[in-house]
Amino acid sequence: TAIKTSADENNSLVSLNPNLAKWFAHDLNAPTFTVQNVHCWSNNDELWWKCPKNESHIFQTSPSAMQQKSKNSWCPLCYESQKNSVKARNQKIKLMSLSGMSNKDIAKKVPLAPQSIGKILKSFAEIQMRDEKKIRQAEELEENIVSLRAEGLSHPAIGKRISKDRKFVEKVLRNRGITAQEQE
């Protein structure tokens, strides 16, 4: 027999949210928890859930968290899979564009409108320009650091003069094999 929790038949998962009750992993939560004795907004218990679209997607969270996730159609494993497939699709679009294909030709191979493909490629170009700008700034700052070090200034003095992008500069310097101790 199931152990009684805070829910009764008026505020149980199955009575208040039958769609969410479809996600409930009966076999993994029994005998302690059932859709009849779990309160719909319970925060106290991490219960097991199965995605109705793919029953191999099993995860654990509270009923309250499940209530708040995009109208009970949220599976963290489906979400991650979808996010990865969008990344892969966008990378494929970028490679096709780099090979000289037009947006219309890409649209024939990828189920998107040419305008959407244009927006994706524009965002790639903006990211690349931003990264190139950061690299140029880092190289300029590195040149400043080298000249300041040649003048005998210590790392903290350099840091005060170029503190805005300090973390980024230090990362670039680390990648080039220059440590904070070497800069002093």
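What you see is a predicted model, and the numbers here were worked out from it, not measured in a lab. (Residues numbered from 1 in each chain as written. Predicted model: local features only at pLDDT ≥ 70, side-chain atom pairs only at ≥ 80, totals over all residues. Heavy atoms only, no water.)

## Notes on the environment of Q91
- Looking at the secondary structure, you find Q91 in helix α5 (residues 76-98).
- For Q91, a relative accessible area of 37% gives the class partly exposed.
- Here the alpha-carbon distance between Q91 and L121, two residues 30 residues apart in the chain, equals 9.6 Å. (Helix = DSSP H or I, 4+ residues; strand = E, 2+ residues; numbered from the N terminus. Buried < 20%, exposed > 50% of the residue type's maximum accessible area, 1.4 Å probe, protein only.)

## Comments concerning the nonpolar core
- Ranked by internal contacts, the top residues of the largest apolar core, which has 15 residues, are L13, W23, F24 and W49.
- Elements that contribute at least two residues to this core include exactly α2 (18-21) and β1 (47-50).
- One finds I93, M96, A107 and L121 within the second-largest nonpolar core, a separate group that totals eight residues. (Core = buried A, V, L, I, M, F, W, Y, C linked by side-chain atoms within 4.5 Å.)

## Looking at the side chain of N37
- Structurally, the position occupied by N37 is in the loop between α3 (26-29) and β1.
- Taking relative accessible area as the criterion, N37 reaches 5% and is therefore assigned buried.
- A polar contact of 3.2 Å, which involves the side chain of N37, links it to the backbone oxygen of T32.
- There is a polar contact of 2.8 Å between the side chain of N37 and the backbone nitrogen of T34. (Polar contact = N/O pair within 3.5 Å; in protein donor to acceptor, adjacent residues only side chain to side chain.)

## Focus on the pattern of salt bridges
- A complete count under the given rule lists three salt bridges for this structure.
- Notably, a salt bridge pairs K50 with D27, separated by 3.3 Å at the nearest N-O pair. Taken as a pair, K50 in strand β1 and D27 in helix α3 lie far apart in primary sequence, 23 residues in all.
- Its salt-bridge partner being D105, residue K108 comes within 3.7 Å of it at the nearest N-O pair. You can see K108 and its partner D105 sitting in helix α6 (residues 103-109), three residues apart, about one turn around the helix. (Salt bridge = Lys/Arg side-chain N within 4 Å of Asp/Glu carboxyl O.)

## Section: the packing of aromatic side chains
- Applying the stated rule across the entire model yields two aromatic pairs.
- Measuring from centroid to centroid gives 6.3 Å for W23 and F59, while their planes differ by 75 degrees, and the two rings are edge-to-face. Pair noted here: W23 is in the loop between α2 and α3 and F59 is in strand β2 (residues 58-61), with a separation of 36 residues, a long-range link.
- According to the relative accessible area criterion, W23 is buried, its value standing at 5%.
- On the basis of relative accessible area, F59 is assigned to the buried category, the value being 8%.
- With a centroid separation of 5.8 Å and an interplanar angle of 85 degrees, the aromatic rings of F24 and W49 are classed as edge-to-face. Highlighted residues: F24 in the loop between α2 and α3 and W49 in strand β1, separated in sequence by 25 residues. (Phe/Tyr/Trp six-rings, centres within 6.5 Å; stacked < 30°, edge-to-face > 60°.)

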